[in-house]
Amino acid sequence: MKRKQTTSKKAAQVLGPLLRRHAAAYLLGLVTLFVVDYVNLFIPQYMGEVTDGLAANALDARGIFAVCAKIVLCGAVVLVGRFFWRYFIFGSARKIERELRDLLFAKLETLPQRYYHEHKTGDLMSYFTNDLEAVRQAIGPAVVTCFDSSVLTILVLYRMMVNVSVSLTLYTLIPMGVLAVFGYFFGEAIERRYAKMQKAFAELSDYVQESVSGERVVKAFVQEKKQAEAFRAVNDKKRRATLSVVRLDAAFVPALHFLVGLTYVVAIAVGGWYTMIGDMSLGDFVAFNMYIGSLVWPMLALGDSITLISQGIAGLGRLHEIMDERSEIVDDPQPDDVTHLTGQITIRNMSFAYQKGLPDALHGVDVEIAPGETLAVMGRTGAGKTTLVNLLCRVYDVTGGSIRFDGHDIRKLPLRVLHENIACVPQDNFLFSDTLAGNIAFGRPGATREQIEQAARDADIHDNIMDFPEGYDTMVGERGVTLSGGQKQRASIARALLKDSPILILDDSLSAVDTDTEETILENLKRVRRGKTTILIAHRVSTVQNADHVLVLDEGRVVEYGGHDELLAKENGVFATMWKKQQLEAQLLLED
C-alpha cells in the first residue's frame, strides 16, 4: 500500500502541472462524454416502450415511427458527441505526451556527465518510447474508459432501480462487487510486473544498440556466435518479463467475462421469475436485460482501465527518477556579470578526484595562460590531460584550488557564457547523422557556405569533401561512421574553428592525421588563431613545438612546465626523453 502511494505521488508530481494546463479541454471532453452516456440510456427505455406497446396492441405505425425517430435522434447526438470527446481527451493526451517528451529531453541536456556514465543508452531510449506511450494511454484511453464506465454504471443502475426493480438491481450488484475487489489487487500486481518488463525492455534495447554500434569489432574478433547467444539470453529475459504481464492479464480477462456472464444469469433467473409471477412486465424484463447489456462494456472496460492506469503510473514513476535528478553543474545563484571572455586562464593549486575516496586525477596544478597564448599539454596515457579539458569546460567541478577565466572563478561564470566562449574538439570526435556542412556549422547555424568552406580549408579537409559525390551535402553516417578517423578529426576541428571562440581546446585532435597534414593544420591554426587562446593536448612532440608554454603531466601532477626549447634543453627531463624517443621512432620508420 505504502509503495503504491509513493509511486502515485511521484506520478502526480510529474503529470500534475501538465494536466492542470489542459484541464479545460479535459473538462469539455468529460462533459461531452457524460452527455453521450446519458443519451445512450434512453434507447433501452424506448425499446421497452415498444415491446409493451406491441404486446398490448396499444402502438400503431405512427407510434412506432415516433419511437424510431427518437432512437435515431439519440444516435445522432451520440455520433457527434463521440467525435468531440475524442478530440478533447485524446487530443489533450497527445499534447501532454509531446510536452512530456520535450521536458524529458530538456532534462537530459542538463544532467551531468556522471549520469550518462551510470545509465545506458537503451535504458534512456525506453523512457522516450514505452514509458511515454504508457503515460499517454493512461491519460487518454484509460481516462475515457474509467470515467465512461463509472458514469455509465451509475446512470444505468439508477435507471434500473427507478424504471424497473430495486431488488433485482441489488442482486446484479453482487458480481460487480467481487469484480471491484478483484480489480484492486490486479492493478497492484500489474504495476509491479510492468515496471520489471520495462526494465527488461531497456536492457534489450541497450544490448541491441551497443551490438550494432560495435558490429565491426564483433566481426573483427569473430564473436558473432557469442553475441547471438548473449542476445538470446537478454531477449529471453524480456520474454519472461512480458509473459508475466500477459499471464496476469490472461487470468484477469476470463475472470472478468465470467463475472459478466454471472450478472446475466442473475438478471435472467431473478428477472424471469419476477415476470412469471407478475411483479414485472415483459417490456420491463426486456429493458432490464438491455440495461445489463449496457453494463457489459463498463465492466470489461474496467479491466482495461486498471491495466492502462497501472502501467501509466509505473511509467511515470520511472520518468520521475529522471525528472528528480539534480545536476551538480549549475549556474551560481548570483553569477558574475560576464558576457565575453578574452582568453586569460589562471589555474591555482587545482585538484580533482572523480569520487570521494579515490586518488586525485589531478593534484596541485598551477598554470597561467595570457590571452592569445598557446598552451600545450603532454603526458602519458592516464596522466590527466582529458580530465583537465573537462574541468576547463566545466563538465566537472574542481574539488580543490580554482580555475579562473579573466579573473572570474569558473563557478561564478554563467554556463552559457563559458560554453559560448570555448570551442572544444573532444577525443571521440562525435559527428551527427547530418550533412558535412551541417556538422561543421553545428556551433554556428547561421554560417554561410563560404564560411563553412573556409573553416574546412583551415582544417585541411576541404579537398577531401570535394572528392565526395555530394560534396558538402554528403550525409555523414551515425557518429561519422562513413568517414575515416582523420576525416572525422578534421571535420571536428573545422566545426570548432567556425565557432571562432576566444578559447580553443584540441584534445589530442591530430592523432589520426599524418605529419604533413598535421603541419598544415598547425600553420593554419597559427594564422587564424592569432590573438586568441589555444590549448593543445597532444602525444607527439612535433604538435607542440610552436606552443608558448608546454605543460607535462604525470599521474595527475605537473612534472615540467616551460617553453618548448627550455624543456628540450633538460637532457634527462620527461619532455626531452619523449622527444628523443619520437625522433628515434621517426628515424627507424625512414630506414624501413
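Residues numbered from 1 in each chain as written. Predicted model: local features only at pLDDT ≥ 70, side-chain atom pairs only at ≥ 80, totals over all residues. Heavy atoms only, no water.

### So, the sheet that holds strand S3 (residues 374–379)
The six strands are arranged S6-S7-S8-S3-S9-S10 in an open sheet whose pairing can be described as mixed. Pairing within the sheet leaves two strands with one partner each, and these edge strands are strand S6 (422–425) and strand S10 (557–562). Neighbour to neighbour, the strand axes of the sheet diverge by 15 degrees on average, direction disregarded. Here S3 pairs with strand S9 (residues 549–554) via five bridges, running parallel. Paired with Leu-375 across the bridge in S9 is His-549. (Pairing = 2+ DSSP bridges. Helix = DSSP H or I, 4+ residues; strand = E, 2+ residues; numbered from the N terminus. Axes fitted to C-alpha atoms, helices over the stretch in contact; angles between N-to-C directions.)

### Details of the nonpolar core
In terms of nonpolar packing, the biggest core is built from 34 residues, with Ile-347, Met-350, Leu-392, Ile-403, Phe-405 and Ile-535 touching the most fellow members. If sequence neighbours within four positions are ignored, Phe-405 has contacts with Leu-341, Gln-344, Ile-345, Leu-392, Ile-410, Leu-413, Leu-418, Ile-422 and Ile-503. Counting residues in hydrophobic clusters, the runner-up holds 32 residues, among them Leu-18, Val-39, Val-67 and Leu-111. (Core = buried A, V, L, I, M, F, W, Y, C linked by side-chain atoms within 4.5 Å. Buried < 20%, exposed > 50% of the residue type's maximum accessible area, 1.4 Å probe, protein only. Contact = heavy atoms within 4.5 Å.)

### Overview of the packing of aromatic side chains
This model, assessed by the stated rule, comprises ten aromatic pairs. Measuring from ring centre to ring centre gives 5.4 Å for Tyr-87 and Phe-88, while their planes differ by 75 degrees; the resulting arrangement is edge-to-face. For the pair Phe-352 and Tyr-354, a centre-to-centre distance of 4.8 Å together with 80 degrees between the ring planes defines the contact as edge-to-face. Given the relative accessible area of 3%, Phe-352 is considered buried. Relative accessible area serves as the criterion here: at 41%, Tyr-354 is assigned to the partly exposed category. Counting every residue linked through ring pairs, the aromatic cluster contains Phe-83, Phe-84, Tyr-87 and Phe-88. (Phe/Tyr/Trp six-rings, centres within 6.5 Å; stacked < 30°, edge-to-face > 60°.)

### Thoughts on the side chain of Thr-543
For Thr-543, the location among the structural elements is in the loop between strand S8 (533–537) and S9. At a separation of 2.2 Å, a polar atom in the side chain of Thr-543 contacts the side chain of Glu-518. Dropping the residues within four chain positions of it, Thr-543 is found in contact with Leu-510, Glu-518, Leu-522, Leu-536 and Ala-538. (Polar contact = N/O pair within 3.5 Å; in protein donor to acceptor, adjacent residues only side chain to side chain.)

### Comments concerning the pattern of salt bridges
Applying the stated criterion across every chain yields a total of 18 salt bridges. Residues Arg-239 and Asp-236 are paired through a salt bridge, measuring 2.7 Å at the closest nitrogen-oxygen approach. Of this pair, Arg-239 and Asp-236 both sit in helix H10 (residues 224–276), three residues apart, roughly one helical turn. Linking Arg-411 and Asp-409 is a salt bridge whose minimum nitrogen-to-oxygen distance equals 3.5 Å. We classify Asp-409 as buried; its relative accessible area is 14%. When salt bridges that share partners are traced, they join Arg-94, Glu-97, Arg-101, Glu-133 and Arg-136 into one network. (Salt bridge = Lys/Arg side-chain N within 4 Å of Asp/Glu carboxyl O.)

### Thoughts on the environment of Val-72
Relative to the assigned elements, Val-72 resides in helix H4 (residues 61–110). Residues Val-72 and Ile-43, spaced 29 residues apart in sequence, show a C-alpha to C-alpha distance of 9.5 Å.

### Thoughts on the environment of Thr-577
With respect to the secondary-structure elements, Thr-577 resides in helix H20 (residues 574–591). Excluding anything up to four places from it in sequence, Thr-577 contacts Glu-571 and Asn-572. In terms of polar contacts, Thr-577 uses its side chain to reach the backbone carbonyl oxygen of Gly-573, at 2.7 Å.

### A word on the pairing of strand S4 (residues 400–405)
The sheet contact formed by strand S1 (residues 345–352) and S4 spans five bridges and is antiparallel. Bridged to Thr-346 within S4 is Arg-404. Linkage of S4 to strand S5 (residues 408–409), two consecutive antiparallel strands, is achieved through a turn of two residues, within which Asp-406 is found at a positive phi near 55 degrees.

### Some thoughts on the side chain of His-22
Looking at the element boundaries, His-22 is found in the loop between helix H1 (2–21) and helix H2 (23–40). If we ignore the near neighbours within four places in the chain, the residues touching His-22 are Ser-92, Lys-95, Ile-96 and Glu-99.

### Overview of a nonpolar patch on the surface
Residues Leu-27, Val-31, Phe-34, Val-35, Tyr-38, Leu-73 and Val-77 make up a contiguous nonpolar surface patch of roughly 620 Å² in combined accessible area. Elements with a minimum of two residues in the nonpolar patch: H2 and H4. It is H2 that contributes the most residues to the nonpolar patch, five residues altogether. With respect to the helices and strands, the residue Val-35 is situated in helix H2. Given a relative accessible area of 40%, Val-35 falls into the partly exposed group. (Patch = residues over 30% accessible without salt bridge, like charges linked within 9 Å, V, L, I, M, F, W, Y side chains within 5 Å. Areas by Shrake-Rupley, 256 points an atom, 1.4 Å probe, with all protein chains shown as cover.)

On their own, these measurements won't tell you what the molecule is for.
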